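In case you want the letters, here they are:
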Amino acid sequence: MKHFILDPHMCAAFGGAFYPTGHSMVMFPNADDASRVGHQLIDKGFSGDEVYLIPPKTLLAQISPTVRDDADTPLPSAGTDGATVRMYTKLAREGQTGLLVKTENRATAERLMEVVRQVPYSVAERYCRLVIEDL
């Protein structure tokens, strides 16, 4: 499992908001659950290079700045990427930990969720090319 460092390829070409296409982001109220799930995913065949643990401080320092608080003013954005980042920011401020996992297809996302569903989580989103889908 890797510690997260924001890569420019994880941001939208238009607007620059966090948008890691081909990945899923899950937020956990308990940091130990996030870490445990990350390790279980690796045990179940996910590559350790494709599972990122994102502590609240890291999320607030690297992901939150990709969206300004007033990004939807005067007009709202066409997508939900800004609102999604603001939701992650709110959860990180509450102390929640993120787990970002490479999930290039639906089957891989479902394998991820089989492990995630064993513990409490707040939100799970999969970033597809044109849409953010709830898991």
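Residues numbered from 1 in each chain as written. Predicted model: local features only at pLDDT ≥ 70, side-chain atom pairs only at ≥ 80, totals over all residues. Heavy atoms only, no water.

## Comments concerning helix H3 (residues 81-93)
For an α-helix the count is 3.6 residues per turn, leaving residues at separations of three or four pointing the same way.
Part 1 of the argument: An ideal rise of 1.5 Å per residue puts 18 Å on 13 residues; H3 measures up with 18 Å between its terminal C-alpha atoms.
Part 2 of the argument: Of all the positions in H3, only Asp-81, Gly-82, Thr-84, Val-85, Tyr-88, Thr-89, Leu-91 and Ala-92 are classed as buried.
Part 3 of the argument: Buried positions along H3 lie against strand E2 (23-28), helix H2 (56-63), strand E5 (123-127) and strand E6 (132-134). (Helix = DSSP H or I, 4+ residues; strand = E, 2+ residues; numbered from the N terminus. Expected span 1.5 Å × (residues − 1). Buried < 20%, exposed > 50% of the residue type's maximum accessible area, 1.4 Å probe, protein only. Contact = heavy atoms within 4.5 Å.)

## Observations regarding the pairing of strand E3 (residues 51-54)
Part 1 of the argument: Burial along E3 is two-sided: the face carrying Val-51 and Leu-53 and the face carrying Tyr-52 and Ile-54 are both buried.
Part 2 of the argument: Note: E3 against strand E4 (residues 97-102), four bridges, orientation antiparallel. Opposite Ile-54, over in E4, you have Gly-98 as the bridge partner. (Pairing = 2+ DSSP bridges.)

## Things to note about the state of the cysteines
Part 1 of the argument: In total, this model carries zero disulfides according to the counting rule given.
Part 2 of the argument: There is no disulfide at Cys-11, and the cysteine sulfur nearest it, in Cys-128, is 17 Å away.
Part 3 of the argument: Classification of Cys-128 by relative accessible area gives buried; the value is 16%. (Disulfide = S-S within 2.5 Å.)

## Some words on the side chain of Thr-66
Part 1 of the argument: Positionally, Thr-66 belongs in the loop between H2 and H3.
Part 2 of the argument: Within polar-contact distance, the side chain of Thr-66 engages the backbone nitrogen of Phe-18 at 3.0 Å.
Part 3 of the argument: Of note is the side chain of Thr-66, whose polar atom sits 2.7 Å from the backbone oxygen of Ile-63.
Part 4 of the argument: Ignoring anything within four residues of it in the chain, the contact list for Thr-66 reads Leu-6, Cys-11, Gly-15, Gly-16, Ala-17, Phe-18 and Val-85. (Polar contact = N/O pair within 3.5 Å; in protein donor to acceptor, adjacent residues only side chain to side chain.)

## Here we look at the confidence of the model for the protein chain
Part 1 of the argument: Per-residue confidence for the protein chain gives a mean pLDDT of 91, with 92% of residues at or over 70.
Part 2 of the argument: With pLDDT under 50 throughout, residues 71-78 is counted as low confidence; its partners more than four residues away or in other chains account for three contacts. (pLDDT = per-residue confidence, 0-100.)

## Observations concerning the sheet that holds E3
Part 1 of the argument: A sheet is described by the order of its strands in space; here six strands give the open sequence E1-E3-E4-E2-E5-E6, paired in mixed fashion. Since the sheet does not close on itself, it has two edges, and those belong to strand E1 (2-3) and E6, each with one partner.
Part 2 of the argument: Here H3 sits on the sheet in contact with E2, E5 and E6, set at roughly 145° to E5.
Part 3 of the argument: Along the sheet, helix H4 (residues 106-116) contacts E2, E4, E5 and E6; its crossing angle with E2, the most-contacted strand, is approximately 15°. (Axes fitted to C-alpha atoms, helices over the stretch in contact; angles between N-to-C directions.)

## A word on the packing of aromatic side chains
Part 1 of the argument: Across all of its chains, the model carries four aromatic pairs by this definition.
Part 2 of the argument: On the basis of an interplanar angle of 75° and a centroid distance of 5.9 Å, the ring pair of Phe-18 and Tyr-127 is categorised as edge-to-face. With Phe-18 in the loop between E1 and E2 and Tyr-127 in strand E5, this pair connects stretches of sequence that are 109 residues apart.
Part 3 of the argument: Phe-18 sits in the buried class, given a relative accessible area of 0%.
Part 4 of the argument: Ring centres of Tyr-19 and Tyr-127 lie 5.0 Å apart, and the angle between their planes is 80°; this geometry places the pair in the edge-to-face category. (Phe/Tyr/Trp six-rings, centres within 6.5 Å; stacked < 30°, edge-to-face > 60°.)

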